[in-house]
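One-letter residues, chain by chain:
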Amino acid sequence: MDNLLNPTTGDYTGTTTTTLSNAVYLRLMTPLGAWWADPLLGSRLHLLAREKDVSRVYKLAQQYAEEALQPLVDDGRATSVSVSVSAGNPGWAILLIEVIDATGQKQPFKHPVRVS
């Protein structure tokens, strides 16, 4: 069990979790190559903050999230990861992520990404 991270603040909540929520959060929020212990952990989603709010950028957000979450499947903690993107408020894309963990449980996640 891990201490649960609050995806809104990035702080610990004071509770524990047995889901992959921390792994998903860290892989999406950490810039790729920025974590000292694992240079392959992270995503390129931070690059989209300077992009325009257009459909091409939503496709990039989906691809970056899929790349960042693929190690969960590779190491056997998840059997599949699917990512879709919808438009949020102006300047935001919303990643809708569904992870099927190793026990077969479906875990949904919603992650906002700044796009302009």
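Up top is the structure these notes are about.
This text gives an overview of the structure that appears in the document. Because the structure is a prediction, the values reported are computed rather than measured. (Residues numbered from 1 in each chain as written. Predicted model: local features only at pLDDT ≥ 70, side-chain atom pairs only at ≥ 80, totals over all residues. Heavy atoms only, no water.)

### Concerning the layout of surface pockets
Computed from the structure, the largest pocket encloses a volume of approximately 450 Å³. Taken together, the elements giving at least two residues each to the lining of the largest pocket come down to β1 (2-5), α1 (21-29) and β5 (106-114). Take the lining of the largest pocket: its biggest share by element is 6 residues, from β5. By residue class, the composition of the lining of the largest pocket is 13 nonpolar, 4 polar and 2 charged. Volume-wise, the second largest pocket comes out at about 190 Å³. Taken together, 14 residues line the second largest pocket, and the ones lying closest to its centre are Asp2, Asn3, Asn22, Ala23 and Leu26. Only β1, β2 (12-17) and α1 provide two or more residues apiece to the lining of the second largest pocket. Ranked by residue count, the leading element in the lining of the second largest pocket is α1, at 4 residues. Across the lining of the second largest pocket, the residue classes break down as 6 nonpolar, 5 polar and 3 charged. (1 Å grid on protein atoms, 1.4 Å probe; cavity = no way out; pocket = protein on both sides within 12 Å on 5 of 7 lines; lining within 4 Å. Points joined across faces, edges and corners; volume = space filled by probe spheres on them. Helix = DSSP H or I, 4+ residues; strand = E, 2+ residues; numbered from the N terminus. Nonpolar A, V, L, I, M, F, W, Y, C, P; charged D, E, K, R; others polar.)

### Considerations on the sheet that holds β5
The sheet built from 3 strands is open, its strands ordered β3-β4-β5 with antiparallel pairing. Bordering the open sheet on either side are β3 (78-87) and β5, each of which pairs with just one other strand. Each neighbouring strand pair of the sheet contributes to a mean axis angle of 20°, computed without reference to strand direction. Strand direction decides the pairing type here: strand β4 (residues 92-101) and β5, joined by 9 bridges, are antiparallel. Within the sheet, the bridge partner assigned to Glu98 lies in β5 and is Pro108. Seen against the sheet, α1 touches β4 and β5 and runs at an angle of roughly 25° to β5. Of the strands in this sheet, β3 and β4 are in contact with helix α2 (residues 55-74), which crosses β3 at around 165°. (Pairing = 2+ DSSP bridges. Axes fitted to C-alpha atoms, helices over the stretch in contact; angles between N-to-C directions. Contact = heavy atoms within 4.5 Å.)

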